Structures are given as structure tokens and as C-alpha cells.
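For reference, the chains in residue letters:
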Amino acid sequence: MCIRDRYIRGGGFDQTLLLIDGMKMDDIQTGHHTLNLLLPVQLIERIEIIKVPAARIFGQNAFSGAINIITKPLKKSNNKVVEIYANDISYGSYDQFNYSIKMRTSIEDKFNSLISFHKAKSDGYRYNTDFKNDFIFMKNNINWNFDNSYSNLPKSFIYEISPVPVRRPELVILNHDLADQMGLNFSNVDNEQLAKMFSGNLLPKGSKSLAQAYAGHQFGHFTMLGDGRAVLLGEHISKSNQRLDVQFKGSGQTPFSRNGDGRAALGPMLREYLISEAMYSLNIPTTRSLAVVKTGESVIREKPLQGAILTRVASSHIRVGTFQFIRTRENLDELNTLVNYTIKRHYPEISKSKNNAYDLLSKLIDKQIELVVNWMRVGFIHGVMNTDNMAISGETIDYGPCAFMDSYNLGTCFSSIDHMGRYAYGNQPAITKWNLARFAECLLTLINPKKDDALKLATELIDKFDKIYEKKWFNLMKNFYHIKSIFSSNIISSIKIQIKFICIVRPTILSSICL
């Protein structure tokens, strides 16, 4: 149904609508008029989205009563004000009402807006905020220490957006060991508040949420991408002075979602939590998982599944695909900005290099070889080694259809869509080299302004991959066999024969390998 524009004054009248069961909330639209929506208690749990010109309003079941939604343009201004009143609150505190009603502009709405919350018959409880930071912020009694540097990069790198609120967040698991390493203290916060925070319904003070732009080769085909179901909450400085990205995965649609719903299912989020923490325990560079919450909503895949949000912690989310995205823009200043930012954040030792792009490529080659050698030693198969899933930090990132081999087979795959075995276990070193070549392509202009010279320098570096990989792999095996002498040809042959038997062993046993 569509409600036509009504004049508030000058002969017009207010419109009152009683919501009834079965009404499609997406079909309710208002013009510049007053609309009173009366919500019977039995409908509160089922209401999802009501569209008004300036915002989307998310209702949940933490309160009951009536809501008045008033929209009108301000005099001599293009801004709009949306006011929400809660009357006859019979369940929950006013704080619960604040957390239950959230508003945000749709992706297309770029005008500035204000939002006001009022408690019925109260003069002292009012909350105002700019719409770009339109969530209620949690008091910082957890020791969050945000310093958000990525948000200061050019706007082409990011899109500022808040997580989409969820209906009934519920904490599933919290990583207390990681929290302690980060310097976070959750002892004074109950699970209900933690669930709200790790679902994005309640944001930590100092956070500045955004979606990151990037591109990537997916199964060899170049595609423009971006955070389609993730939001970077901000950068937390740990008690050891380490800068860490804190990201929500499954937090709703962003401008990069394309046809996706922006959500994630509980099973895959728990899977990433378990495997990322296993990789950390195996002494393999990896992103980590801080928490998983259920959303209280279903996601539709082959069948309805429980929705969930994972909180991921990483050294950064800068990817090879990030550089590919900037390269497509053909903006040398932006490329320089990204290179300098990456070096400052991850490789400050080369900050004074005479050719920092060349040295950055060299650093990443070493980091990625070290990473894939570690994967191979435990029989780990990433599954989707697209360039957007290769982190410049050298960490394992984006756990999808990944697994550990049960028995040694170079052709083992765990991705249902990898029909050709591109990302099979035995192909991982070669794919790593291929991805690094794509990274080198992004830096050619900075390596040397003369194209032929740049190609020669970059190719020479990439061609060193095989020898570096072989050296690191055999050093790994040498340590495993406790061989201290220089390799003889017989020893090398023996090690090659034994490699397949080593890979059969479960990763928990292989964790004893000294690196």
C-alpha cells in the first residue's frame, strides 16, 4: 500500500495507520506529512523495515506500544529531521528501546540527516547524532583504543557505512585469550551487551565503520569487488602497541554487495573461528576470530540457515586486490598513497628505500612463500586463493571452503566450484607465484617509469620465487628431521620420498615442527 502526501497544516490532516498482520512493511511509504503507526503488541516481533524518505527504521521486539514517525523538511534547509517517539512502553528499559530502534540512510541517500530519540513524558532523555554516525555508542569500559588511519585515505578506497542492525543478537563464543592479548576487558559487560556490540547493534566508542574497496582475480578472471558483507569497525591499538583491524563479517549489505544479502550463516562463521584459531596455534600467520554472534534472523542459501556475524581481527585487510583496484583507476597519486601507507603499516624497515615499490614486492614474495610453506607442512588447503584473498601482511585470510587433508593427495580440493582444481593442494605454491605476478603488475609504474626496465626488474624478482620456496621448504624438512649438516643429494631424495607420508599426519602432530 502507498500513503499519499498529506499537508500537516493549511487545511491538511495527519494520517493514522493501524498495522495489521500480513501487511508488507516494505510497501509503506510516506511523503512530507505526519504518519502515526500504531503497532499492536503481537506484531512487534514481526515488523522488519518501514521506509520513510530519510531513513530506514528497524524495529525489534524489546518493547511494545505505539510509535509516531514524523517526517518534515526543515525551513531553509535541504536536511530532514526524523523523530521517533515511544509511548506506553510496557516492557524493557528506555535503554532497550534505544537499542531496539535503529535508523540509517539507504545506500543511495547521501544527504545529511539528524535523528532524535525521545522518551515519552520525559524532558531529560534525548539523543541526537549525525546520521553518518547514527548508532548509539557503548561507553568505553572495555579498553577499546581506536586509531582509525585507513579512514583517512582517499574516499576512493572506502565507503563509510554502518553495520545493518539485527533482530535478536545472541553471543555464541568469545575468544578471551585474544581479548586479553588485545588488552580488552569484558569482565564488566554481560553477554547481552556483548551480543549487541559484536552484532553491530551497539558500536564501541571511537569506532569508525567502513567498507573497503578492492578488486581481484577470481579463478583467474578479473572482477571489481569490495567488502560485500563486511564492515571494518576500526583499528584497535593493543597493549603491545600493535595496530589491529577489527572487522564484522556478515554485517549486512554495503555498496559492494552486488546481488548478495550481506549476511553469513552460523556454520561458516564458526568454521572460520575454529580453523583460524587452529592455524594460530600451529604457528602459521593468520587473521584471528574474536567473537561469533547469532543474529536471530535466517539467511537463505540452499535452505534457510541461522544467520551469524564473525568479528575478525587482522594486522590489516589490505589485499593484492586493493592494489589492483587502485591500479584500475590509473591515479598515480593514489597508488603512491597506498604503497606508502602499506609500508608504514607493515614494512617500516623499507620506508627510506630508494625504490620502495620494488622492495615492497620483494618483501611480499618472502612473506607469501613463508606462508604457503607453512600451509603445505600441515596439509592445509585454502580453497579460494583469489588475489583478493591474499593479504599484504602475509597472513592467511578469508577462510571459505578450506580444510586439512585426511590423506595425502596433491589434487585435493575442498571448493565445490573449483571444478578444474585450480586451487588444489599441490597447486598452492604455483598460484601464490601467479598472484604475486599480478601484484607486481600493479607496481610497475612505481618500480621504474620506463616500462621495459620495470618489467625486467619485476620479472627477475618473481623468477626467484621457485628457488626461495625450495630453500624454505627444505629448511623446514631439515628441521623436522633434525638434520644440521648441508644437504647431500641422497638426503634430498630421501626427504622428497618422505614428504607425502609427513602430510598424512594430523596437523596437531605437525605443530611440533620447528621453524
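Here, the structure is the one placed above.
On a predicted model such as this, the values are computed, not experimentally measured, just so you know.

Chemist: Let's hear about the overall build of the chain: which residues, and what values?
Modeler: If you tally the helices and strands in the chain, you get 12 helices and 23 strands. At a minimum sequence separation of 6, the contacts of the chain that also span at least 24 residues come to 66%. Of the roughly 24,300 Å² that the chain leaves accessible, carbon and sulfur atoms contribute 50%.

Chemist: Quick one: what's the story with the nonpolar core, residue by residue and with numbers?
Modeler: If you look at the biggest cluster of nonpolar residues, it comprises 70 residues, and the most contacted ones within it are F323, L361, F380 and F439. Examining the composition of this core, we find that 12 residues originate from one element, helix α7 (residues 356-378), more than from any other.

Chemist: I'd like a description of the packing of helix α8 (residues 428-447) against helix α10 (residues 465-480), backed by residues and values.
Modeler: Helix packing for two helices is described by the angle between their axes and how far apart those axes are. At a minimum axis separation of 11 Å, α8 and α10 run at an interaxial angle of 140 degrees. Classed by the angle they form, the pair α8 and α10 counts as oblique. By crossing handedness, the relation of α8 to α10 is classed as right-handed. Between α8 and α10, the residues in contact are P429, T432, K433 and L436 and F465, D466 and Y469, respectively. Taken together, the residues that form the contact of α8 with α10 break down as 4 nonpolar, 1 polar and 2 charged.

Chemist: Please give an account of the pairing of strand β15 (residues 215-218) that cites residues and values.
Modeler: One ladder, built from 4 bridges, connects β15 with strand β16 (residues 221-224); its direction is antiparallel. Bridge pairing in β16 places A215 opposite M224. Count of turn residues in the β15/β16 antiparallel hairpin: 2 residues, of which F219 carries a positive phi of about 55 degrees.

Chemist: Tell me about the pattern of salt bridges, residues and numbers included.
Modeler: Pairing of side chains with opposite charge becomes possible as their charged atoms draw close. A full pass over the atoms with the stated rule returns 18 salt bridges. A salt bridge links R312 to E272, with the shortest nitrogen-to-oxygen separation between them at 3.1 Å. With R312 in strand β21 (residues 304-314) and E272 in helix α4 (residues 266-281), this pair connects stretches of sequence that are 40 residues apart. Assigned by exposure class, R312 and E272 land together as buried. With a shortest N-O distance of 3.0 Å, E349 and K363 are connected by a salt bridge.

Chemist: Kindly report on the pairing of strand β18 (residues 243-249), identifying the contributing residues and their values.
Modeler: The side chains of a regular strand alternate between both faces of the sheet. Among the 7 residues in β18, 6 count as buried, and that is most of the element. Of the pairings in the sheet, the one linking strand β17 (residues 230-237) to β18 comprises 7 bridges and is antiparallel in character. Bridged to A230 within β18 is K249. Between β17 and β18, which pair antiparallel in sequence order, lie 5 residues; one of them, N241, sits at a positive phi of approximately 70 degrees. Sheet topology note: the β18/β21 ladder contains 5 bridges and is antiparallel. If you follow K249 over to β21, its bridge partner there is L310.

Chemist: Any chance you could break down unusual backbone geometry for me, citing the residues and the numbers?
Modeler: Look at R258: it is not a glycine, yet its phi comes out positive at around 55 degrees. Following the sequence through the fold, R258 ends up in the loop between β18 and β19 (264-265). Even without being a glycine, E330 presents a positive backbone phi close to 55 degrees.

Chemist: Can you lay out the packing of aromatic side chains for me, pointing to particular residues and giving the numbers?
Modeler: A full pass over the atoms with the stated rule returns 10 aromatic pairs. Their ring planes at 85 degrees and their centres at 5.0 Å tell us that F323 and F439 sit as a pair that is edge-to-face. Taken together, the residues span a long stretch of sequence, with F323 in helix α5 (residues 320-329) and F439 in helix α8 at a distance of 116 residues. Both residues of the pair, F323 and F439, belong to the buried class. Through successive ring pairs, a cluster of aromatic residues spans W375, F380, Y399 and F404. For R422, the ring lying beneath its charged end belongs to W434, and the centroid distance is 4.8 Å. Over the face of the ring belonging to W434 we find R438, whose NZ or CZ atom lies 4.4 Å from the ring centre.

Chemist: An account of the packing of α8 against helix α9 (residues 451-462) is requested, with residue identities and associated values reported.
Modeler: As a packed pair, α8 and α9 sit with axes 9 Å apart at the nearest point and diverge in direction by 150 degrees. With respect to α9, the axis of α8 lies roughly antiparallel. Between α8 and α9 lies a crossing of right-handed hand. Between α8 and α9, the residues in contact are K433, L436, A437, A440, L444 and I447 and A454, L455, L457, A458 and I462, respectively. Class assignment for the residues of the contact of α8 with α9 results in 10 nonpolar, no polar and 1 charged.

Chemist: So what's going on with α8? Which residues, and what values?
Modeler: Between its terminal C-alpha atoms α8 stretches 27 Å, which fits the 28 Å expected from 20 residues at 1.5 Å a residue. Where α8 bends most, at E441, the angle is about 35 degrees. Burial analysis of α8 places 15 of its 20 residues in the buried class, the great majority of the element.

Chemist: So what's going on with the environment of N355? Which residues, and what values?
Modeler: Relative to the helices and strands, N355 is located in the loop between α6 (332-346) and α7. The sequence separation of N355 and N448 amounts to 93 residues, and the corresponding C-alpha distance is 8.6 Å. What N355 contacts, discounting residues up to four positions off in sequence, is L446 and I447. A distance of 2.9 Å separates a polar atom in the side chain of N355 from the backbone oxygen of I447.

Definitions and limits used
- Residues numbered from 1 in each chain as written.
- Predicted model: local features only at pLDDT ≥ 70, side-chain atom pairs only at ≥ 80, totals over all residues.
- Heavy atoms only, no water.
- Helix = DSSP H or I, 4+ residues; strand = E, 2+ residues; numbered from the N terminus.
- Contact = heavy atoms within 4.5 Å.
- Areas by Shrake-Rupley, 256 points an atom, 1.4 Å probe, with all protein chains shown as cover.
- Core = buried A, V, L, I, M, F, W, Y, C linked by side-chain atoms within 4.5 Å.
- Buried < 20%, exposed > 50% of the residue type's maximum accessible area, 1.4 Å probe, protein only.
- Axes fitted to C-alpha atoms, helices over the stretch in contact; angles between N-to-C directions.
- Parallel < 35°, antiparallel > 145°, perpendicular 65-115°, else oblique.
- Left-handed = near helix turned anticlockwise from the far one by under 90°.
- Nonpolar A, V, L, I, M, F, W, Y, C, P; charged D, E, K, R; others polar.
- Pairing = 2+ DSSP bridges.
- Salt bridge = Lys/Arg side-chain N within 4 Å of Asp/Glu carboxyl O.
- Phe/Tyr/Trp six-rings, centres within 6.5 Å; stacked < 30°, edge-to-face > 60°.
- Lys NZ or Arg CZ within 6 Å of the ring centre and 35° of its normal.
- Expected span 1.5 Å × (residues − 1).
- Bend = angle between axes of the 7 residues up to and from the residue.
- Polar contact = N/O pair within 3.5 Å; in protein donor to acceptor, adjacent residues only side chain to side chain.

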